[in-house]
Structure formats: structure tokens, C-alpha cells
Amino acid sequence: MLFGEVAKAFDQIEQKSGRLEMTDLLARLFEKTTPEEAERVSYIIQGELRPPYEGVDLGMGEKFVLEAIHQASGYPYSQVEKDFEKEGDLGIVAEKLLSNKRQQSLFTSPLSVVSVYNSMFKISRAAGAGSQDMKIKRLVELYNNASPLEARYITRFALGQLRLGVGDPTILDALSVSHVGDKSLRESIERAYNLCSDIGYVARAFKEDPKKIADFKIEVFKPIMPALAERLRTSEEIIAKLGKCAVEYKYDGFRIAVHKRDNRVEIYSRRLEKMTHMFPDVVKAVESLPPKEVIFEGEALAYNEEEKRFYSFQETMHRRRKYGLEEASEKYPLYVFAFDIHYLEGEDCTQLPYAERRKKLESFLPQENIELSKMRLVSIPEEVSSLFQAALRMRLEGIMAKDLNAPYTAGKRKFAWIKLKKSYGKEMDTVDAVVVGYYRGKGSRTKFGFGGLLVAVYNEDTARFETIAKVGSGFTEEEMEKFQKMLEKDKMKHAPLNLDYVMEPDFWVQPKYVVEIAYDNITRSPTHTCGREEGKGFALRFPRMVRIRDDRAPFDATTTKEVEEMHKFS
Ligand code: ATP
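Let us look at the structure shown here. From a predicted model like this one, the values you see are computed outputs, not experimental measurements. Residue positions are given per chain, counting from 1 as you read along its sequence in written order. This being a predicted model, a pLDDT of at least 70 is required before a residue's local features are given, and a value of 80 or more before pairs of side-chain atoms are given or counted; all residues contribute to the totals for chains, interfaces and linings. Excluded from the side-chain calculations are hydrogens and water; all other atoms, namely the structure's heavy atoms, are used.

Examining the overall build of the protein chain
Here a strand is any run of E in DSSP of at least two residues, a helix any run of H or I of at least four, and the numbering for each starts at the N terminus. Helix and strand counts for the protein chain come out as 20 helices and 23 strands. Residue burial is assigned from relative accessible area. The probe radius is 1.4 Å, only protein chains are included, and a residue is buried under 20% of its type maximum, exposed over 50%, and partly exposed in between. Split into buried and exposed, the 570 residues of the protein chain put 57% on the buried side. Contact criterion: two residues are considered in contact whenever any of their non-hydrogen atoms come within 4.5 Å of each other. Here the analysis covers contacts within the protein chain between residues at least 6 apart in sequence; of these, 71% occur between residues at least 24 apart. Carbon and sulfur atoms provide 48% of the accessible area of the protein chain, an area that totals close to 25000 Å². Residue burial considers only the protein chains on display, and all accessible areas are found by Shrake-Rupley using a 1.4 Å probe.

A short note on the pattern of salt bridges
Whenever a carboxyl oxygen of Asp or Glu lies within 4 Å of a side-chain nitrogen of Lys or Arg, that contact is scored as a salt bridge. All told, the structure shown has 41 salt bridges when counted by the stated rule. With a closest N to O distance of 3.7 Å, Asp-173 and Lys-183 form a salt bridge. Of this pair, Asp-173 sits in helix H10 (residues 168–180) while Lys-183 sits in the loop between H10 and helix H11 (186–196), placing them 10 residues apart in sequence. Lys-183 sits in the partly exposed class, given a relative accessible area of 41%. Of the charged contacts in the structure, one is a salt bridge between Arg-271 and Glu-273, with a shortest N-O distance of 3.2 Å.

Describing the sheet that holds strand S22 (residues 536–541)
For two strands to be treated as a pair, DSSP must find at least two bridges joining them. Spatial strand order, S20-S22-S21: 3 strands in an open sheet with antiparallel pairing. Across the chains shown, the open sheet's two edge strands, defined by having one partner strand only, are strand S20 (521–525) and strand S21 (530–533). Looking at each pair of strands side by side, their axes are set apart by 40° on average, direction ignored. Bridge count between S21 and S22: 2 bridges; the pairing is antiparallel. Within S22, the position partnered with Cys-530 by the bridge is Phe-538. The axes used here are C-alpha line fits, helices contributing only the stretch in contact, and every angle between their N-to-C directions lies in the interval 0 to 180 degrees.

Some details on unusual backbone geometry
A cis amide bond links Leu-365 with the next residue in sequence, Pro-366, at an omega value of 0°. Structurally, Pro-366 can be placed in the loop between helix H16 (354–362) and strand S9 (370–372). Notably, Asp-262 is not glycine yet its phi reads approximately 45°, a positive angle.

Below, the structure written as C-alpha cells:
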């Protein structure tokens, strides 16, 4: 398939705002793709080259792209920069300047989807001396063979921002529509996606044999999307919702998924990144576990022998950084509290009810530093409360109540798991928001050059960020200095392309850092865009900084849908 056809479809999609129309246009494109092309198109829409857990970064910054547009179009660099300042979108700049090219290329050959993808892949792989020039040269080559419209999308792909308003749910719907004309296959396609977290792999498998998607199998070393918990406020509500259920301690550590096959062990974070190198002590303990093939999930945290208490997530990570991995592993060994299992000796356990999954975990744990999460079966609110109090005495976050009959709800926030946290009593829950801009310091903050953050949440349906708060309080002096240094490097003249906003900060930054924000309640305000209806979006009242969440990727931020729920809850 020619890349021109894809660019044309993207252009049409970009002009639509309704999900249905976007889905139909994308479905028509998928109808015409081979399995290999469907794989590539899906990654391109995500602005990725491979699934996130492989950590393949395109690595093209704005400066590279500006240089490539300058070289391919023949316009002076300063002109390209000026146009960028005006348009705020390098895709449009490339399209415009390349259509009035000052220098014609000697010969051009039409680009295919696969060749564009492959060139980008080579760009991402280039490393070492001369690699920067090589990256630019390859992008210039692509521009030389591209039509202006293709140049728009090549540019945005290089920057990892397609700006189509198409999120993963639309891709999944479109795959179903492309084959049966409606969304009836969406559920099984989505299930497959949640079990491997690889949209390209699913698109390819589906195009190869749509029938097989219904019994898509988990694979070791392909991480599963984590199940998420709903929230309730009291023990009574929990028993009313679940009846007899399991209650586990909620450990405030680092969520890990452990994959083992024979002697190979890999550890993935909640954001599906491979983190094996960070946990040499856990790897060693897992190596000696009896199962040959297993995937299980747990919370990793360090324990303080003297004070007989667990360290929090921040303290654990701080120690790992301060003492280095080797020394930290000796002095502050990690404990893993396993709380779920996905796979055991060839058997997919995700469809089994919780009670059976727990039995499977208990069949080979505890061992060394790999413990089972503490669990009790309860039937009345008083039992829930007493476990909750016990958890607080241990300085843990709270408890998780689990539905005994529910399967593992990969990638979904369901009432199969319900969290009850100590903060719920006196204040509201927190949101994990993405930093999209920051303010200069005024008054006593002038010396820090930092006065606060503009933060956003993620809308899964549109794959866009929407602002929800301007956060000016809760920062320590250290944090202000840290933010200033960190954000200074990433500041941009223009708002990120994938952001909807009204309020403007002093400086924009690429959505990259996730912060946890506490608030009093959620209201409607014309200055924010989260879940906007009739000109008013959701906004956090009295937002305050709690902490930086290093363990979250921007796409793991709280979603617009969750904010809607939390609004009802507040
Ligand atoms: P929070 O910010 O409250 O930790 P979250 O957004 O990280 O929430 P939730 O789905 O709301 O994720 O809560 C589940 C989290 O609680 C899991 O991500 C996991 O890291 C942690 N956790 C700790 N103990 C348990 C347990 N026993 N069972 C399941 N999850 C647990």
C-alpha cells in the first residue's frame, strides 16, 4: 500500500470529530491493508515504532526535523523556524514549504507504508558517531520522495505525534468494522490487546486470521495490561457491593509483573517497561522458584529491619538510587508481595476466578523474599474495618477488597478490585496528571524561576491530553528547584500538539512527567478542557502537589473517564 493512501485517510480522519466517522474511515483503510501493513499503520497511529515495553524511541527532536525540512526544501533554516513559530505544527510547516520547494530532487519514487516505517525504524536505531547526520539524511530522503501531504504525516510521525484524535479504542473498533462491518468483534480484539499490550501484533494477528483472535493466548515476555481498582469510601459499601470477599493489604511499593521461563526472568513495570536491571535481588529470588513458566504480579518494597516497617515507594526508590543497586540490594533488600497470577506452566489463568488464582499462587509461594500479599476472607463490614485499621498500623496505604468470582480484568478499572485508602476519610482522592506547562516564579518564588504547573489528564478516546488544574501549592523548595531544572530542558514555544487547552502557562512542555495532585473537590470551569461540555471542563479545586510519579508514563495518567467518575464520587 502506498503511503499516499494512508496520508489521504489520515487527512480525512483529522477533519472529522465524531468517533463513528473516524472509525469508518480507518476501517476502510484496514480493509485494504495486508497483515504486515495493518501492523505498521497501527504503530504509526500510536506515534510509536514498537510496543512501549520494548523501549524503541524514535529519537527525532524538533531541531532535527527543522534541519531536515530546511535541507529538503531549500528554504533558510531561519525561515523554517519562523514558520514553525507561526504555525506551531512542524507537520504543516513541512507540507507548506515542501509544496513550494526551492530545489527539486533529481528523481523520486513513490513511498510505501512499509518503506516509510522501515526508514523511521533505521533512524531510531542509528547510534554513535555520525548518527545525528545520518538521521537527518534519512529524513531528507523521505521528504524528497514525499508529496506535501505525506510530508505532513512523516513529520508528525518523526515527532511521535500524529494529532489525529484517534486513540486505541478507535483502532480496535476499526479492526472489527473492517472485517464484519460492525463492532461485534471489538471485545475479543480488545481482550487480545490487553493480554499483550502490542497493538501492531494484534492488528497483524487479526488480519492473518480473524477467527483466531477469540482464543488469543498470553505469552511469557509479552506484558499484560494491569487490572485497575475502583474506589469506595467505607467498609459497608464494600460488603454491600461484593458480599463475602477477600481483603488484602494495599502495599505502597512498585508494581511489578514477573515473567519467568526456565532460566530467563524479566520484570515489567506498571507502565509496561522492562525493568529487570533495576531488580537484581528479585531476579535471583525468582530464578529459584519451582515453576518453569510463570507470570505473576506483585508489589516490591524495601523493609527496615530496625524500625520493623516497610519503606514507602519513594523511600525505596530513593535508597536504590542513593546506594546503587548492589549495595541497596544488600542493605535494604526488596520484598515482593505477590497478589495475582496470569500464567502457570502453559495455562492462561486470567479467566479463572480470583479464588482459584490465589490457590495457584499459594501452590509455590512464599519463597525467600517473595511473599504472598496478606489476605483474609471476610463477610461483614466490621472485619473489613479491622483489617483496614491493621493495615494503617503497619503504615500501609489501606486495603484492596477483591471479588472472589471475578476473572483478572486486564487493562480495566472494575469492581473486581476495590481500594479503600486512608486518605478517603478526610480528603479526596488524588489524580495522576501530566505536566504540560509551567509558570515563572513571582514574589518569594522569583529566585526559583518556578511558580507552578499546568497539568492535564488523558482522554483515551481521542488520544489527547486535556487540562484540569493550575497547581501553585504543595511544592517544597527542593521540588521547585528540581522542577525548574527538569522543565527548563523540555520547554517549548508552542503548546503540545496533542493537548486541548484554554489557559496558557508561561512555558509549554512536552507531556512527559506525571505528578500526583491532591484536591478538595471537582467543579466545572471554563478555563479547563477535561471532559468539556457546553464550554466548561472539569477542574480541581485547591489542587496541591503531592509527589512526582516516576513510575507512570503520560498515557497512564488519570483518564477523563475516571475524572467523570470521581466527580460523581465527590
Ligand atoms: P494508587 O495511586 O491508589 O496506588 P493506582 O492508580 O496505582 O492507585 P489502582 O488501580 O488505583 O492503581 O490501585 C491498585 C494499585 O495498588 C496497584 O497498581 C498496585 O500497585 C497496588 N497494590 C498494592 N497492594 C495490592 C494488592 N494487594 N492487590 C492489588 N494491587 C495492590
